[in-house]
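# Structural description and commentary
These are the residues of each chain, in order.
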Amino acid sequence: MAALLSDLMQQIAATSWLEWSAVVLAIAYLVLAAHQSLWCWYAAAISCTIYTYLMFTAQLYMETLLQIFYIVMAAYGYWQWRYGKAQKDATQVRELSWFWHLRWIVALTLIAAGIALAMQHYTDADAVWLDTYTTVFSLFATWLLTRKQFANWWYWLVIDAVYVYLYSSKGFVITGALFFVYLILVFYAMWQWQTTRTEQQQCSSSG
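Now for a quick tour of the structure. (Residues numbered from 1 in each chain as written. Predicted model: local features only at pLDDT ≥ 70, side-chain atom pairs only at ≥ 80, totals over all residues. Heavy atoms only, no water.)

### Observations concerning the packing of aromatic side chains
Evaluation of the coordinates by the stated rule reveals 17 aromatic pairs. For the pair Trp41 and Trp81, a centre-to-centre distance of 5.3 Å together with 80° between the ring planes defines the contact as edge-to-face. Of this pair, Trp41 sits in helix H3 (residues 39-57) while Trp81 sits in helix H4 (residues 61-82), and the two are 40 residues apart along the sequence. Here Trp41 and Trp81 have matching classes, each one buried. Through a chain of ring-to-ring contacts, three or more aromatic side chains come together here, namely Trp100, Trp104, Phe140, Trp143 and Tyr155. Lys148 extends its terminal NZ or CZ atom over the ring of Trp81, reaching a point 4.7 Å from the ring centre. (Phe/Tyr/Trp six-rings, centres within 6.5 Å; stacked < 30°, edge-to-face > 60°. Helix = DSSP H or I, 4+ residues; strand = E, 2+ residues; numbered from the N terminus. Buried < 20%, exposed > 50% of the residue type's maximum accessible area, 1.4 Å probe, protein only. Lys NZ or Arg CZ within 6 Å of the ring centre and 35° of its normal.)

### Digging into the packing of H3 against H4
Where H3 contacts H4, the two axes come as close as 8 Å, and the packing angle between them is 170°. It follows that H3 is roughly antiparallel to H4 by the angle criterion. Between H3 and H4 the crossing geometry is left-handed. In this structure, H3 uses Cys40, Trp41, Tyr42, Ala44, Ala45, Cys48, Thr49, Tyr51, Thr52, Met55 and Phe56 to contact H4, whose residues at the interface are Tyr61, Glu63, Thr64, Gln67, Ile68, Tyr70, Ile71, Met73, Ala74, Gly77, Tyr78 and Trp81. By residue class, the composition of the contact of H3 with H4 is 17 nonpolar, five polar and one charged. (Axes fitted to C-alpha atoms, helices over the stretch in contact; angles between N-to-C directions. Parallel < 35°, antiparallel > 145°, perpendicular 65-115°, else oblique. Left-handed = near helix turned anticlockwise from the far one by under 90°. Contact = heavy atoms within 4.5 Å. Nonpolar A, V, L, I, M, F, W, Y, C, P; charged D, E, K, R; others polar.)

### Section: the environment of Trp20
Residue placement: Trp20 occurs in helix H2 (residues 17-34). For the pair Trp20 and Thr175, spaced 155 residues apart in the sequence, the C-alpha separation amounts to 8.3 Å.

### Topic: the nonpolar core
Residues Tyr29, Trp153 and Tyr182 are the most contacted members of the largest nonpolar core, which totals 53 residues. Within the residue set of this core, elements represented by two or more residues are H2, H3, H4, helix H5 (98-122), helix H6 (128-146), helix H7 (152-169) and helix H8 (173-206). The element best represented in this core is H8, accounting for ten residues. Counting five residues, the second largest nonpolar core, distinct from the first, contains Met62, Ala116, Met119 and Ala125. (Core = buried A, V, L, I, M, F, W, Y, C linked by side-chain atoms within 4.5 Å.)

### Quick word on the packing of H4 against H7
Where H4 contacts H7, the axes come no closer than 15 Å and their chain directions differ by 135°. With respect to their mutual orientation, H4 and H7 come out oblique. Two packed elements cross with a definite hand, and for H4 against H7 that hand is left-handed. Contacts between H4 and H7 pair Glu63, Leu66, Gln67 and Tyr70 from the former with Trp156, Tyr163, Leu166 and Tyr167 from the latter. In terms of residue class, the contact of H4 with H7 is built from six nonpolar, one polar and one charged.

### Details of H5
Here H5 contains 25 residues, and its C-alpha end-to-end distance of 36 Å stays within 8% of the 36 Å for a straight helix at 1.5 Å per residue. For H5, the set of buried residues is Trp100, His101, Leu108, Ala112, Ala113, Ala116 and Met119. Elements that come into contact with the buried residues of H5 comprise H4, H6 and H7. (Expected span 1.5 Å × (residues − 1).)

Here is the structure:
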């Protein structure tokens, strides 16, 4: 146990300032998203720019592509929340059916399997299957967040749990810890969105 703690402290001490910066901004992103603040997309864009570099140097190529996509999605999310269909409160957004989600889960599972097989055969990427599946479903969950779909938080619960293991196993201890914090913050975001919904329903019924 003492050796494990010692190793953990050494890895924390060796964490670069770039990773620390990305972690702080990533936490800010999720907290701001929980409160439906437009500033969450600024924090996301800067954090993901840093992670693009970090993931590429770790040979997590799908994660690198994911971070680039996140930067694009940050711009798209800002536009949607500021000018598009998601500018209204999340409580006013119509939720999609479970059958709709099931169809997409099956389709994305097959797509991810095809990409993973190609990556395994043609590249030197590490942790191919976990890397690919988390990437594909993260793209999907991020898109759901840009549309203020409450279901995005359910996807993130599973994705972030996998990320805790993936990043820790690659030596990004602080980032692995970040995703553990993310798990807690996702519950907070779900509570925050649900509380807002309940309050608005009460106001509507009383008014």
